[in-house]
Every structure is written in structure tokens, then in C-alpha cells.
Amino acid sequence: MMKRVYVTGLSCISAQPTFGAGLDTEWRFQPECNVLETIHPVYKSFLPAAALRRMSKVIRMGVTSANAALADAGVSMPDAIIIGTGMGCGEDSDKFLEAIVANGEEMLTPTAFIQSTHNTVGAQVAVGIGCKGYNLTYVNGAVSFESALLDAQMTIAEGNAHTILTGGIDELTKHSADLFRHSGLIKLGGDYTEVLHSKSGGTVFGEGAAFAVLSDSPGKSPYAEVADVWMTAVLQPQAVAGAVSDFLTANGLTPADIDAVVLGIDGDVQYDGYYSQTATDLFAETPQVYYKHLCGEFNTAQAFGFWAACHMLHTNEIPPVMVINHLPQRELNHILLYNQYNGIDHSLILLKACRNTP
Amino acid sequence: MEDLKLELKKNIITVLNLEDLKPEDIDDNAPIFGDGLGLDSIDALELIVMFSKEYGIKLTDPKEGKKIFISINTMADYITAHRTV
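Conventions used here
Residues numbered from 1 in each chain as written. Chains lettered and ligands numbered in written order. Predicted model: local features only at pLDDT ≥ 70, side-chain atom pairs only at ≥ 80, totals over all residues. Heavy atoms only, no water. Domains from an automatic or database assignment. Contact = heavy atoms within 4.5 Å. Buried area = accessible area lost by both parts, 1.4 Å probe. Salt bridge = Lys/Arg side-chain N within 4 Å of Asp/Glu carboxyl O. Polar contact = N/O pair within 3.5 Å; in protein donor to acceptor, adjacent residues only side chain to side chain. Buried < 20%, exposed > 50% of the residue type's maximum accessible area, 1.4 Å probe, protein only. Helix = DSSP H or I, 4+ residues; strand = E, 2+ residues; numbered from the N terminus. Pairing = 2+ DSSP bridges. Phe/Tyr/Trp six-rings, centres within 6.5 Å; stacked < 30°, edge-to-face > 60°. Expected span 1.5 Å × (residues − 1).

**Comments concerning the domain arrangement of chain A**
All names here are of chain A. Domain boundaries in chain A define domain 1 (6–215) and domain 2 (227–352). Here the C-alpha centroids of domain 1 and domain 2 sit 22 Å apart. Listed by partner, the interface residues are 50 residues for domain 1 and 40 residues for domain 2. Both sides together, the interface formed by domain 1 and domain 2 hides about 3,600 Å², and carbon and sulfur atoms give 73% of it. Our enumeration of links across domain 1 and domain 2 arrives at zero salt bridges. Linking domain 1 to domain 2 there are twelve residue pairs in polar contact (both at pLDDT 80 or more).

And the structure:
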């Protein structure tokens, strides 16, 4: 028999004051920015000074957020660490590659090389707590977090681990931001917070590190239960409704059973039709939620959506700042998250409330 | 010599990301490894690269580094005697 998988710890560092907070935080809007500024905790309070000085931004965010999620769950040693990142350690990669060019492939320093690999955060977390368990980092575009989540969920469900630290991390470097602007991925004008009424292509970018501790035991106050995760690389807009229906049917549900649908709308008119069509076809009478106006777009932005949805199920509240269609809120028992990026990397996550568990 | 020591301290702070330190916080005679600045073997590699890049000094013998990377004074003395740029 498959075990149930509970979310027992959460943490998030983002463009919002989410670290050490829930959804009752003071949301911050940056209407003039096409790259949202991250609100960083004071890392000196959480990381040893000797280690901190070698850590780039994404490593600081990742290790601090991971440790906070473990602390939130009361877990000192998870059985495994499974992380997703789309871009990895960009800052150190840029630094190392720039040194190769600048120094004619000579005199390359070790630190940037060591920390330029995509699995650095997972490794640093493991080294920090002495975890010798299964340690894997998924680098799978905009379903990197979902890939990690699916692995973690299946590993626990099949009885191969009791607790797993999972999460999504991505940083935006100056070099990456410049490239994204040139290629039209980042918006170049307009009110960037108007994600729902955007008339232009591209998105507002962000970065972040959201972590969760999954467990086969609900503990004292689990946030939610991870019921199912599904993803596919390619999906035509007209096929989304069928894919969502099939996913829900496989879980014994219909669209009417979903109490809130969390959509990854990011203000790119070229691809937001995926969400509007899904919302119209299946969830016209369902409270609809969005979040990327708060955290920006990045490959693992869905980890922010996951963090938010878990808090919604825990508190039975949808923060007004995330509401799309202003329908009367129901009791939140099932939340479905749907995300895609640039028309590819589609994912569905089904979460269940466990407010009355155990 | 004093200018070289100041430049050396600034280079060390930059190369090793010692963001909480200012040049005046580093004692010329204090050990930079172990109890002093608390540097380690990865930092030693960074310092070897810095010596090559900034002063044209190529250190190939690890034993040699132990005698050079003792303090700011020993490093400045070695640079003065061996620099090529």
C-alpha cells in the first residue's frame, strides 16, 4: 500500500517578505521593475561566517531556506535531499567562465569552479547537516521543482524514505538578465505588476528558494498532503483541459472537487492563453489564484506557488492579493496547481488539506 | 613596502571575499591561516593564483607556500624579492 505524503515544514525566500512568514505577510509591489528585487534575510544570522564568504547568492538563499524548512518541520536529519533548479549556480558559473576568457584559460581559481555546478546547494545542505542519504538535483527547465517533488513524493509513498527535504532554487544574474532582455523573455516596458491585463510578451523575472519537508508522518500540524504530481514537456492549448481532467480522474476527482486552482499566469500574452482557456473550460466556477506578480517568473517559480498553496490549505484562506475571479471562497480541501513556461514544461500538482489530521 | 602591504590586504579581502574585514583589521604580523584570519587550503590555492596574476610569481612547490603565507609581512617580503610585474 502506498504511503501518504505530508508537507510538515516550509520555508521561502523570494521578492516578498516570505522568509519566516506565511501568507499574512506584508506584500510588496515593485511596479517599475522588470526584475523583482529579492528580500534576503540577514544570512550572517543563519550561516557560519567562514562558509558564508564563499557562497554566492543562490547558495546563501538555498542553504538558509533549506535549513529553515527543516527547522520548521523539527527534522534535523532527512533521509534524502532532492532539489530542483533550472539555472543552477549562475553567478559562480559566470565568474568562472569570465575568468577563463579574461585569463586565456589560465590561472583559474578553485572556488567559483567548485560552486558552479548545479547540485552545489544540495551538496552544501548535506555537508552542513552531515546528511549522507540520497542526494539529487533535477535540472529540467521549468519543471525542475516538479521533478524533484515527484521523486520525493514517490520515494516516500513507496516506503523508501520517511522524511525528504525538497525544494526549488534559482537565481537571476546580471548576465542572464541581460540575455533574457535581449531575447524578449523579460518585458521591456509597461506596468510590470499588471500580470492579469498584460498586452505584451515577455515576463517580469524574479528568483527565489522555496523548500518543503515531506514526511510519511503528518506530525502535529501538517500543512498539506501531496496527492499527485504530473508533468509533460509539450501540450497544445486545446489539450490542456483533457490532460487536467484525466489527471483529476486518476485521483478520483472532477474539476468541481477543486476548491482553488493556482495558475502560473506570468503576463506573457503569447502563452497566458493556456491558463485562460483552462480556467474557462474547467474552472469558471472555481476560485482562481495567481502568484507570479509577487515572486516573478523563473524556472522554479512553481515552488513559490507550492509554498503558497500549502499555506492556503493550512489556514483555509486565500490571500486577497492572489485572487483572480473573486468568487465566494469555499472550504479549501483540494488545490490544483497548473504551470507552464513559454508553452512547454507543463505541470500539475494536486494538494489536499489535512487540517484535521491526525 | 607599506603601500605593497596595503595593496596586498585589499587583494586578499577581494579574492577571498572577506567582506567583513577592512585592510586596517589585518595585523601585519598575525598568522593568516589557522587562528588568524582562519583561512584554509582552498584559500591557499586562491592566494597562489593571486600571486601569479598580480605579481607574476609562480609557486610550484607547496612547501614553499608554507613559508610565504605566514603573515602579511612574510608575503610582502617574498613579493618584493621575487615579483616580475
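**Some thoughts on the pairing of strand β2 (residues 80–84) of chain A**
Residue and element names in this part refer to chain A. Most of β2 sits out of view: five of its five residues are buried. A two-sided burial pattern is seen for β2, the buried positions comprising A80, I82 and G84 on one face and I81 and I83 on the other. Examined bridge by bridge, β2 and strand β3 (residues 134–138) share five bridges and lie parallel to one another. In the sheet register, A80 faces β3, and the bridge partner there is Y134. In the sheet, β2 pairs with strand β4 (residues 163–170) via five bridges, with the strands oriented parallel. Within the sheet, the bridge partner assigned to I82 lies in β4 and is T166.

**Things to note about the packing of aromatic side chains**
Taken as a whole and judged by the stated rule, the model has nine aromatic pairs over all chains. By way of ring pairs, the aromatic residues A:Y291, A:F304 and A:W307 are connected into one cluster.

**Examining the pattern of salt bridges**
Any two side chains of opposite charge can pair if their charged atoms end up close together. Taken as a whole and judged by the stated rule, the model has 16 salt bridges over all chains. Residues A:K174 and A:D178 are paired through a salt bridge, measuring 3.0 Å at the closest nitrogen-oxygen approach. In this pair, A:K174 and A:D178 are both assigned in helix α7 (residues 174–182), four residues apart and thus about one turn of the helix distant. On the basis of relative accessible area, A:K174 is assigned to the exposed category, the value being 65%. With a relative accessible area of 28%, A:D178 lands in the partly exposed category. Where A:D259 meets A:R330, a salt bridge forms, and the shortest distance between an N and an O atom there is 3.8 Å. Of this pair, A:D259 sits in the loop between α8 (240–250) and β7 (260–263) while A:R330 sits in the loop between α11 (301–315) and β9 (334–341), and the two are 71 residues apart along the sequence. Beyond isolated ion pairs, a larger network of salt bridges with shared partners links A:R53, A:R54, B:D40 and B:D43.

**Observations regarding the environment of A:T280**
Among the structural elements, A:T280 can be located in helix α9 (residues 273–282). Between the alpha carbons of A:T280 and A:A241 there is a distance of 9.5 Å; along the sequence they are 39 residues apart.

**Here's the deal with the side chain of A:K292**
The residue A:K292 is located in helix α10 (residues 292–295) in this model. Polar side-chain contacts of A:K292 include one of 2.5 Å to the side chain of A:N339.

**Quick word on the environment of B:Y78**
All names here are of chain B. With respect to the helices and strands, Y78 occurs in helix α4 (residues 72–82). Taking the relative accessible area as the measure of exposure, Y78 reaches 15% and is therefore buried. C-alpha separation for the pair Y78 and I57, spaced 21 residues apart in sequence, amounts to 9.4 Å. If sequence neighbours within four positions are ignored, Y78 has contacts with F51, I57, L59, E64 and I68.

**Focus: helix α3 (residues 90–102) of chain A**
Residues and elements named next belong to chain A. Counted at 1.5 Å a residue, the expected span for α3 with its 13 residues is 18 Å, and the 18 Å between its end C-alpha atoms agrees. Residues of α3 that are buried include every one of G90, D92, S93, D94, F96 and A99, and no others. Its buried side turned inward, α3 meets α2 (57–73), α4 (110–114) and α7.

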